[in-house]
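Letter by letter, the chains look like this.
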Amino acid sequence: MAYSEKVLDHYENPRNVGSMDKNDPSVATGMVGAPACGDVMKLQLKISKDGIIEDAKFKTYGCGSAIASSSLVTEWVKGKSIEEAGKIKNTDIAEELALPPVKIHCSILAEDAIKAAIEDYKSKQGK
Amino acid sequence: MNYFQLFGIEASFDVDLQNLSSNYQTLQKTVHPDKFAHASEQEQRIAVQKSAHINDAYQTLKQPLLRAEYILIQRGVDMPNEQHSFGDTSFLMHQMELRETLEDVKSAGDVDAALLEVQRVLSSEYLQLTQLMRAQISENNSASNGAACDNLRKLKFYQKLNVEVDRLEDALFDD
């Protein structure tokens, strides 16, 4: 199966790979996994006091499409409010990367990672 | 007839693999193409279909994770969609650490020892989870079936890791 040019670009030059301190109260961590393929994805967002995502990092163990989906998401969420980031849909990711149907679950994983990170942030703020 | 009935064995997670294999060979002989050389086209087609069915059943019961999944589906357990994301954070954090450890094997001072250590950790955790799942499957109530289902999903992450370990081993010692 051939990867699209955009997937290859993100796969070969992934943006924002790395980790942040998960105990930092301004850092939201979203961990998700896909049992079907064993992919594990971590998305971390640094969120300002007024709810703007200042920075994003990811670490993904998975196929090219999973890496590209999470890399793309880190680019997209930067500068967005958490509400705006929460509206990113897997279909937007799949469309941007021209993912074939068998790889749609990679974009779902990336969407779920954003949601998980936002949940983590909310539970941290609630404390 | 379910897969267990097909092989005339008890529907349980504990399967005698030797017995399964010999029953499989006996069954396959009954549908062997040689037996149907002079049969009608329709009979030949049915024999081929039966042979494929016996093969599917054997492959499913032979592998522990597929067997567990089959048992749970037979019980009508609502299996979460394979594509559905898994969100157990502490489990996934640990999975990420295991993958990082595996990644570091290549650059370890003593590659052999580092690889052996990863394999030791993985097989002990895999065994522990499998035993837990086995107990939950034999308990067979709705709570234990649900828990078994959860552990089955976790085991799939280990299965993937084991594939990665094999791949690394090949890459390291092939040349």
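Every chain begins its residue count from 1, and numbering advances along the sequence as written. Here every chain gets a letter starting at A, and every ligand a number starting at 1, in the order they are written. Only residues with pLDDT of at least 70 get local features here, since the model is predicted, and only at 80 or more are side-chain atom pairs given and counted; chain-wide, interface and lining totals rely on the full set of residues.

A. View of the pairing of strand E2 (residues 39-47) of chain A. Residues and elements named next belong to chain A. Each residue is classified by how many other C-beta atoms fall within 10 Å of its C-beta atom, where C-beta atoms are placed from the backbone; a count of 20 or more means buried, 12 or fewer means exposed, and values in between mean partly exposed. To qualify as a helix, a DSSP run of H or I must reach at least 4 residues; to qualify as a strand, a run of E must reach at least 2; elements of each kind are numbered from the N terminus. Within E2, eight of the nine residues are buried, which leaves the element mostly enclosed by the surrounding structure. By this definition, two strands are paired if DSSP reports at least two bridges between them. Pairing of strand E1 (residues 27-34) with E2, which is carried by eight bridges, proceeds in the antiparallel orientation. Looking at E2, one finds that Val27 is bridged to Lys46. Counted along the chain from E1 to the antiparallel partner E2, the turn is four residues long, and its residue Gly38 has a positive phi close to 75°. The pairing of E2 with strand E3 (residues 53-61) spans eight bridges and is antiparallel. Bridge pairing links Lys42 to Lys59 in E3. Hairpin geometry of E2 and E3 is characterised by an intervening segment of five residues between the two adjacent antiparallel strands and by a positive phi of about 80° at Gly51.

B. Spatial organisation of helix H2 (residues 64-77) of chain A. Residue and element names in this part refer to chain A. Take the residue count of a helix, subtract one, and multiply by 1.5 Å to get its expected span. Spanning 14 residues, H2 covers 20 Å between terminal C-alpha atoms, matching the ideal 20 Å at 1.5 Å per step. Here H2 has its buried residues at Ser65, Ala66, Ile67, Ala68, Ser69, Ser70, Ser71, Leu72, Val73, Thr74 and Val77. Where H2 is buried, its residues touch helix H1 (5-12), E2, E3, helix H3 (82-86), helix H4 (90-97) and helix H5 (104-126). Phi turns positive one or two residues past the end of H2, at Gly79, with a value near 85°. The contact criterion used here is simple: two residues whose C-beta atoms, placed from the backbone, lie within 7 Å are in contact.

C. Spatial organisation of the environment of Phe4 of chain B. Among the structural elements, Phe4 of chain B can be located in helix H1 (residues 3-6). For the pair Phe4 of chain B and Glu41 of chain B, spaced 37 residues apart in sequence, the C-alpha to C-alpha distance is 29 Å.

D. Representation of the sheet that holds E2 of chain A within the structure. Residues and elements named next belong to chain A. Taken in spatial order, the three strands of this open sheet run E1-E2-E3, and their pairing is antiparallel. Strand pairing shows two members of the sheet lacking a second neighbour, E1 and E3, which therefore form its edges. Across the sheet, the mean angle from the axis of one strand to that of its neighbour is 15°, orientation sign disregarded. Interaxial angles span 0 to 180 degrees and are taken between N-to-C directions of axes, which are lines fitted to C-alpha atoms, for helices over the stretch in contact. With respect to the sheet, H5 is in contact with E1 and E2, its orientation differing from that of E1 by roughly 145°.

E. Summary view of the packing of helix H5 (residues 89-105) of chain B against helix H7 (residues 142-173) of chain B. All names here are of chain B. At their nearest, the axes of H5 and H7 sit 11 Å apart, and the two run at 5° to each other. As summarised for this structure, H5 and H7 are arranged roughly parallel, according to the angle between their axes. Of H7, the residues touching H5 (which contributes Phe91, Gln95, Leu98, Arg99, Leu102 and Val105) are Lys154, Phe157, Leu161, Glu164, Val165 and Leu168. Think of it as three bins: nonpolar holds Ala, Val, Leu, Ile, Met, Phe, Trp, Tyr, Cys and Pro, charged holds Asp, Glu, Lys and Arg, and polar takes everything else, Gly as well. Taken together, the residues of the contact of H5 with H7 break down into eight nonpolar, one polar and three charged. Orientation categories follow fixed angle ranges, with anything under 35 degrees roughly parallel, anything over 145 roughly antiparallel, 65 to 115 roughly perpendicular, and all other angles oblique.

F. How the structure looks around the nonpolar core. When buried Ala, Val, Leu, Ile, Met, Phe, Trp, Tyr and Cys residues are joined through C-beta atoms within 7 Å, the set is termed a nonpolar core. Met41, Leu43, Leu45, Leu109, Ala113, Ile114 and Ala117 of chain A are the most contacted members of the largest nonpolar core, which totals 39 residues. If you list the elements that add at least two residues to this core, you get E1, E2, E3, H2, H4 and H5 of chain A. With residues near it in sequence (within four places) discarded, Ala113 of chain A still touches Gly30, Val32, Met41, Leu43 and Ser70 of chain A. Core analysis: the next-biggest nonpolar cluster, separate from the first, contains 16 residues, Ile71, Met133, Cys149 and Phe157 of chain B among them.

G. How the structure looks around the interface of chain B and chain A. Taken together, the contact between chain B and chain A spans 17 residues of the former and 17 residues of the latter. Considered class by class, the residues forming the side of chain B that touches chain A number six nonpolar, six polar and five charged.

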